[in-house]
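These are the residues of each chain, in order.
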Amino acid sequence: MTKSTSISQAFTDKLVLIAAAAAICLSIFQVWQGLQPTLSAPVFRPIHLAWILVLAFLLYPLVKADKHSAPLYFSARLLDIIFIIATCWATYQITIFDYDDISFLLDGLQPLDQIAGVVLIISLLEATRRTVGFVMVLIAALFLVYAFFGDALPAGIASKGFALEEVIRFHIFSTNGVFGAPLAIAAGVVFIFVLFGAFLQVTGAGQFFIDAAFAVAGKYRGGPAKASVLASAALGSISGSAIANTVTTGALTIPMMKKLGYKPEQAAGIEAAASTGGQIMPPVMGAGAFVMAQFTGIPYSDILLVSIAPAILYFASTLLYVHLMACKLGLQGMSVTEKIGIVMKNGWHFLVPLVFITTLLLMSYSPVLVGIAGCAAILVAAMMRKHSRISFPVFLQGMKEGAISAVPISVACATAGIVVGVVGQTGIGLQFTQFLIALSGGYLWSALGLIAIAAVILGMGLPVTAAYIVLSVMAVPALNDFGLGLLTAHMIVFWLSQTSNVTPPIALAAFAGAGIAGASPMKSAIQAFKLAQGFFIIPAMMAFSGLIWLDGELTHFFIGIITTLGLIFAFAGGIEGRLINTLSAIQRGLLLILALGILFSDDIYRLGCLALVVVIIVINARKPEATTA
């Protein structure tokens, strides 16, 4: 090791320690603010964002020490420090701004305030490029350009062109734009629940959910794959990230699936589809669900309740495909599994915090306080048993990991706030709604198809939460114009925003699983897309069959549940060529036709199509199995 390399490493180690200390302090600050919200929104949100940006510049350097020469590395790190200093100065200017003095509304911002606003936006976009990717920076930049030069565009898409002072005032010196609803949710509820997820990991609760899933499903046909689905449903609902869930559970489940006989791309696809499904599973459904509560004004407890049935249907669909895949491959279950009684005996106390926070959410307590109570509950639960007690350094590790995990989320939400702010400032949302309705020809099904395509395209470069925020402000009004209720429209967009994790050509969760499985990323993405088709089927049924009962009638809702289940079986049988036994070509064709009938008919015809699906299943069950498809 050369002297310059050792110096670079020593400098890097010091910055890592500084970042760890800053992350722990951020978690302490967030809990304090949650318990005693003494700071107003115009002060708290900039401080939170500044802290996040500082961590981003510390943790995501411009260049890496091991890949560049020492002089270049130190120059790049100097630039990072300049970004940190500039961010802190700009934040100070924003927090001391006198919002009670209305003279700025009459005379505009002072030059120093405008400079602070520009500096903060530049720092935010650079942090976004490092943590989220260039695509989101490009989208935010295009919207800002539209805000500045919208008056130069054709009449159909034109808007008033805003001056720099007007843009900075709206996006920085108000609770719109950067400091709007997306960042408010990320800085409050989401951060606390990410911290809760970090404590679940460091206390061993995450491993307990995996062990319990294997104990329940491991002995059945295709056991490791079914255990992967169940573990991801439990762990994914609280981890907040499909990719993190894929890596966490996939490290155990994917090798076991391969050992049992699943092809590598199948194992990766199963884990990706299951892990992505965790984001729509109550009680905690990722950051997007809390954003939805803010956007709609509907209590989170109601969103949690209406999400239960669709989430169960999604995992029923995934389990069905996993089972059919195991049948076609002739796979069996695991020969040895831990008894569920032993697993529960060792880890039952980890269920208490989940029951606790679910109860509090259903009782409509503040989600921030619920999250803090959940963090305390998981720590208390861990200390109840000798084998799960954690040391103070492990506690600090949880505090650090929670803050670090929140960095990409807060950065993405702040940048998405620029998009939301431009939509509100320019009125482009109404024009997009009119454009979408015109392009769809006035048909709801074609509008859903266009929104699904837009969700996949946005998801190629944006995190799921950011994709949902951007798509919701643009597409929800159009769905409302088609007669869908507010919650139904948001749930459809929320579900479709998840699809980018499992949809080629860029399926990040599937790619993460492929890395563990040693499989082709594209083949893994194709398998994940097939297994996760519930993300497309169930939103369509939300639109056409009333699966969101708050926006419709209970009778319609129950019919929607059973017919959606029939649709899942019909579509799976038509695609896989098997249900109980191998299906004939005629049966497969009929099932696909009946699936379309269930999707696009009214309740009476749906029930008729469902009855025919049941008849085909009964006939298939009575047919002796001669060969394996």
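In the annotation of an unreviewed UniProt entry, the protein chain is listed under the name Transporter and assigned to Vibrio rumoiensis 1S-45. The UniProt entry for the protein chain carries the following text under Subcellular location (unreviewed entry): "Cell inner membrane".

So, on to the side chain of Gln30. Along the chain, the position of Gln30 falls in helix α1 (residues 3-35). Gln30 gets classed as buried once you look at its relative accessible area, which sits at 2%. From its side chain, Gln30 meets the backbone oxygen of Ala187 in a polar contact 2.5 Å long.

For the rest of this paragraph, the subject is unusual backbone geometry. Within the chain, Ser364 stands out as a residue other than glycine whose phi angle is a positive 65 degrees. Note on placement: Ser364 falls in the loop between α16 (351-362) and α17 (367-384).

Turning next to the nonpolar core. By size, the foremost hydrophobic cluster in this structure holds 191 residues, and its most contacted members are Leu49, Ile172, Tyr262, Ile270, Tyr314, Leu479 and Trp495. Formed jointly, this core draws a minimum of three residues from each of two domains, domain 1 (8-176) and domain 2 (552-622). With residues near it in sequence (within four places) discarded, Ile270 still touches Ala225, Ser228, Val229, Met257, Tyr262, Val322, Met325 and Leu531. Among the nonpolar cores identified, the runner-up in size contains seven residues, and Ile210, Ala213, Phe214 and Met334 belong to it.

By a widely used convention, the size of an interface equals the accessible area lost when the partners come together. Taken domain by domain, the protein chain consists of domain 1 (8-176) and domain 2 (552-622). Relative placement of domain 1 and domain 2: their C-alpha centres are 52 Å apart.

So, on to helix α7 (residues 164-171). It helps to recall that an α-helix has 3.6 residues per turn; residues three or four apart then point in one direction. Within α7 the residues assigned to the buried category are Glu165, Val167, Ile168 and His171. Axial view of α7: buried residues confined to an arc of 165 degrees, hence all on one face. Contacts made by the buried residues of α7 are with α5 (111-131), α6 (134-149) and α18 (392-426).

Calculation notes
Residues numbered from 1 in each chain as written. Predicted model: local features only at pLDDT ≥ 70, side-chain atom pairs only at ≥ 80, totals over all residues. Heavy atoms only, no water. UniProt positions renumbered as here; feature names shortened; annotations may be inferred. Helix = DSSP H or I, 4+ residues; strand = E, 2+ residues; numbered from the N terminus. Buried < 20%, exposed > 50% of the residue type's maximum accessible area, 1.4 Å probe, protein only. Polar contact = N/O pair within 3.5 Å; in protein donor to acceptor, adjacent residues only side chain to side chain. Core = buried A, V, L, I, M, F, W, Y, C linked by side-chain atoms within 4.5 Å. Domains from an automatic or database assignment. Contact = heavy atoms within 4.5 Å. Arc of directions from axis to C-beta.

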